[in-house]
Amino acid sequence: MCTVCGCGAGEGAPAAQHQAGLHEGDDPHRHSHAPGVSERRRVQVEQDILSKNDRFAAQNRARFEAQSLFVLNLVSSPGSGKTSLLTRTIERLGGRMPLAVIEGDQQTDNDAEKIRATGVPAVQINTGKGCHLDAHRVGHALEQLEPLPGGVLFIENVGNLVCPAAFDLGEAHKVVILSVTEGEDKPLKYPDMFHAADLMLLNKIDLLPYVDFDLQRCIEYARRINPEIQVVQLSARDGTGMDEWVHWLEAARSERIRQRIGALQAQARALQALLGEEAI
Ligand SMILES: Nc1nc2c(ncn2[C@@H]2O[C@H](COP(=O)(O)OP(=O)(O)OP(=O)(O)O)[C@@H](O)[C@H]2O)c(=O)[nH]1
Ligand SMILES: [Mg+2]
C-alpha cells in the first residue's frame, strides 16, 4: 500500500504502513482521521516512502547517465493516447537511435505488445492495485533491457493524473499528455502533474470540431500552474504536430548529451590537474 496516494504500490510501503498502524486495503487519506494514527505520523510515512523512492531514482539516473540514455516519463489520465503516440513516435524516429519502452499498467501487457509489434523492445510492469510506477520497479525493468547507449527510453506511466506526479523515476523530463476530450480545466484540477511536467502534449486535436474544448484557455491554465511548461498540439491519429514533438525530443536529447559532455570534460580536467598536466 502506498501511503502517498492510497494505492497498492510503493517499495517499502508495507513496512512503513505497518509502522504507521495502517492495514492492507486501508485508505491512508481516511486514516489521517483514524484513531491512533496522527496526521504528523502519516506525513512522516509519506516522506519516508518518497525519500526511499528518491534514492532509487538517483540510482536510475546514474545508470541512465552512464549510458547517455535520454529518458522520458509519459504521464496522463487513462486513454489520452500515450501508447498511440509512442508507436507513431517510434515510426518517426525510424531507427535513428536505439529505443526501448517500459510500460506501466495495473493489468495486461497489451501496450507492451503494441510496442513490440513496432520492433522496439518493451518491458511491461503490472502494478496490480498500484496506480503509478516507482523508481525501484523501473530499476528492475531496466535489468531486462539490453544497454541502449545514446538511446531513448520512454516510460509510459500508469494512466493517472495524480500519483505519478510525486514519483521521480530518474527521468530527464516528465511529459504530460492531455487529450481534448478531457476538458480544458484539468491543469487547474490536477496541478501537481502540470507543475512537474516540462512539456504538455495536447493530443487528439483532430477531434476539436466535435468537442467543447478551449485550447487557449487550457494552455493559459497550464501556464498559470507552470509558467515554464512548453506545449505542443498534436494528433497521434492523423500525425498533426508530430514534427514539432519529435523536434522537441531531439533538441532536449541533444541538450542532455551536451550537458554530459560538459560534465565529462570537467571530470577530465580535474584528473589532469591531479597529474599536474595542462587541460586538453
Ligand atoms: N481521434 C483520436 N483518437 C486517438 C488519438 N490518440 C489516441 N487515440 C485513441 O484513443 C484511445 C486510447 O489510446 P491509447 O493510445 O491506448 O491511450 P493510452 O493513454 O495509452 O491509454 P492507457 O494506457 O490505457 O492509459 C484509442 O482508441 C486510440 O485509438 C488521436 O490523436 N485522435
Ligand atoms: Mg497505453
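A short tour of the structure in this document, coming up. (Residues numbered from 1 in each chain as written. Chains lettered and ligands numbered in written order. Predicted model: local features only at pLDDT ≥ 70, side-chain atom pairs only at ≥ 80, totals over all residues. Heavy atoms only, no water.)

1. Some thoughts on the packing of helix α3 (residues 39–66) against helix α6 (residues 135–142)
Then, in step 1: Across the interface, α3 lies against α6 with an axial gap of 8 Å and an inter-helix angle of 30°. With respect to each other, α3 and α6 are oriented roughly parallel. For the pair α3 and α6, the crossing hand works out as left-handed. Together, Asn53, Phe56, Ala57, Asn60, Arg63 and Phe64 of α3 and Ala135, His136, Val138, Gly139 and Leu142 of α6 make up the contact between the two elements.
Then, in step 2: In the contact of α3 with α6, the residues fall into 6 nonpolar, 4 polar and 1 charged. (Axes fitted to C-alpha atoms, helices over the stretch in contact; angles between N-to-C directions. Helix = DSSP H or I, 4+ residues; strand = E, 2+ residues; numbered from the N terminus. Parallel < 35°, antiparallel > 145°, perpendicular 65-115°, else oblique. Left-handed = near helix turned anticlockwise from the far one by under 90°. Contact = heavy atoms within 4.5 Å. Nonpolar A, V, L, I, M, F, W, Y, C, P; charged D, E, K, R; others polar.)

2. Digging into the pairing of strand β1 (residues 70–76)
Then, in step 1: Judged by how many residues are buried, β1 sits mostly within the fold: 7 of 7 residues are covered.
Then, in step 2: Burial along β1 is two-sided: Phe70, Leu72, Leu74 and Ser76 and Val71, Asn73 and Val75, pointing in opposite directions, are all buried.
Then, in step 3: Here β1 runs beside strand β4 (residues 152–156); their pairing, made up of 5 bridges, is parallel. Residue pairing across strands places Leu72 opposite Phe154, the latter belonging to β4.
Then, in step 4: The pairing of β1 with strand β5 (residues 173–179) spans 5 bridges and is classified as parallel. Bridge pairing in β5 places Leu72 opposite His173. (Buried < 20%, exposed > 50% of the residue type's maximum accessible area, 1.4 Å probe, protein only. Pairing = 2+ DSSP bridges.)

3. Comments concerning the nonpolar core
Then, in step 1: By size, the foremost hydrophobic cluster in this structure holds 30 residues, and its most contacted members are Leu72, Phe154, Leu201, Trp245 and Leu249.
Then, in step 2: Those elements that place two or more of their residues in this core are β1, α4 (82–93), β2 (99–105), α5 (110–116), β4, β5, β6 (199–203) and α10 (242–274).
Then, in step 3: Residue contacts for Leu72: discarding those within four places in its chain leaves Leu153, Phe154, Ile155, Glu171, His173, Val175, Trp245, Trp248 and Leu249.
Then, in step 4: Core analysis: the second largest hydrophobic core is formed by 19 residues, Leu178, Met200, Ile205 and Cys218 among them. (Core = buried A, V, L, I, M, F, W, Y, C linked by side-chain atoms within 4.5 Å.)

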